[in-house]
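The residues making up each chain are set out below.
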Amino acid sequence: MRLSALACISISLVAFGARAGDSPPEPARVAALEMEAGLAKKPGVYLVLDPQRRVLEIRSRGAVLDAVGLKGIEIVSQQPVLRRDIPAHPPIPAVWMVEQGAGDSDREVVEPTELRPAPKMGEEEDEAEPTPSATPAAPIPTPTPAPLPPVSYRNRLANGWDLWITDTLPPQSRFQTFLAAVKDGWRRLRGLGEDHIPAVTLAMADEDARRIHHLLRTGMPILVAGEM
């Protein structure tokens, strides 16, 4: 009998402590497996971000359904140095929950163009067609094609961070970071400063960004299983 992916996760947890003489497992690795075991108990889809392998996987019940390769991962934070509301890095491993996602706009209800009563019992399905009137029928409007999802969008996380999906990582060299801090300081002296929500930026191909757009919606869990 084949073991399910959920069972394999549970067995992996037991195997960590069953090898006599081996070095103790990394606590972060064990914690990540325990978190995924909790997610895999539910029938829904969840995402797994592996920064070390640079991949974002779509999973359900512990099985990988699809994977998106990442061109890069970057933490972008423009908070004032002397007043930080949250840490410089989000805690890892952790399960990030999407609080407000770009994919929320994909939930649309398609309404029928015409309502017809259901035929009664005993009535013939093939009824006589009504006699066409002399007035010409109005032209049928051409449906408007659905717009393509964007290739760059932000998603608000419940931990106070944003998850930014884009095609190119923002410049984050030391000189550029210092220059941005100086500009922010001058703006604050003039009362024009802003507190930008820090973000974890994932760079990927345009087609991949569009493909996962509908998955990044409110309530979607994202397991981050490795250090950035």
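For every chain, the first residue of the written sequence is number 1, and numbering continues from 1 along that sequence. The predicted nature of this model means local features are confined to residues of pLDDT at least 70 and side-chain atom pairs, given and counted, to a pLDDT of 80 or more, with totals for whole chains, interfaces and linings taken over all residues. Excluding hydrogens and water, the side-chain figures rest on all heavy atoms present in the structure.

### Side note on helix α2 (residues 27-40)
- Under the scheme used here, helices are H or I runs from DSSP no shorter than 4 residues and strands are E runs no shorter than 2 residues, and both carry numbers assigned from the N terminus. The length a helix should cover is 1.5 Å for every residue beyond the first. Relative to the 20 Å expected for 14 residues at 1.5 Å per residue, α2 spans 20 Å between its end C-alpha atoms, a close match to the ideal helical length.
- If you check which residues of α2 are buried, you get Val30, Ala32, Leu33, Glu36, Ala37, Leu39 and Ala40. Each residue is assigned to one of three classes by its accessible area relative to the maximum for its type, calculated with a 1.4 Å probe on protein chains only: buried under 20%, partly exposed between the two thresholds, exposed over 50%.

### Re the environment of Val151
- Tracing the sequence through the fold places Val151 in the loop between β5 (94-100) and β6 (153-157).
- Here the alpha-carbon distance between Val151 and Glu207, two residues 56 residues apart in the chain, equals 7.6 Å.
- Leaving out residues up to four positions away in the same chain, Val151 has contacts with Ile165, Thr166, Asp167, Asp206, Ala209 and Arg210. Throughout, a residue-residue contact means that at least one pair of heavy atoms, one from each residue, lies within 4.5 Å.

### Thoughts on the environment of Arg154
- You can see Arg154 is positioned in strand β6.
- Residue class for Arg154 comes out partly exposed when judged on its relative accessible area of 39%.
- Sequence separation of Arg154 and Ala102 is 52 residues, and the distance between their C-alpha atoms is 6.6 Å.
- In terms of polar contacts, Arg154 uses its side chain to reach the side chain of Asp162, at 3.2 Å.
- We call two N or O atoms a polar contact when they sit within 3.5 Å, provided that within protein one can donate a hydrogen and the other can accept it, with sequence-adjacent residues counted only if both atoms are side-chain atoms. Here Ile197 takes part through its backbone oxygen, which lies 3.5 Å from a polar atom of the side chain of Arg154.

### Here we look at the pattern of salt bridges
- For this analysis, a salt bridge means a side-chain nitrogen from Lys or Arg found within 4 Å of a carboxyl oxygen belonging to Asp or Glu. Evaluation of the coordinates by the stated rule reveals eight salt bridges.
- Residues Arg53 and Asp50 are paired through a salt bridge, measuring 2.9 Å at the closest nitrogen-oxygen approach.
- Assessed through its relative accessible area of 49%, Arg53 is described here as partly exposed.
- On the accessibility criterion, Asp50 (14% relative accessible area) is buried.

### A word on the side chain of Ser60
- For Ser60, the location among the structural elements is in strand β2 (residues 55-60).
- Within the structure, the side chain of Ser60 is placed 3.5 Å from the backbone oxygen of Gly44, a separation counted as a polar contact.
- Other than its neighbours up to four places away in sequence, Ser60 contacts Pro43, Gly44, Val45, Tyr46 and Leu65.

### Focus on unusual backbone geometry
- A cis amide bond, omega 0°, links Ile92 with the succeeding residue Pro93.
- One can find Pro93 in the loop between β4 (72-76) and β5.
- The residue Arg54 is not glycine, and still its phi comes out positive at about 55°.
- By relative accessible area, Arg54 is classed as partly exposed at 44%.
- The phi dihedral of Arg61 falls on the positive side, at around 55°, and the residue is not glycine.
- On the secondary structure map, Arg61 appears in the loop between β2 and β3 (63-69).

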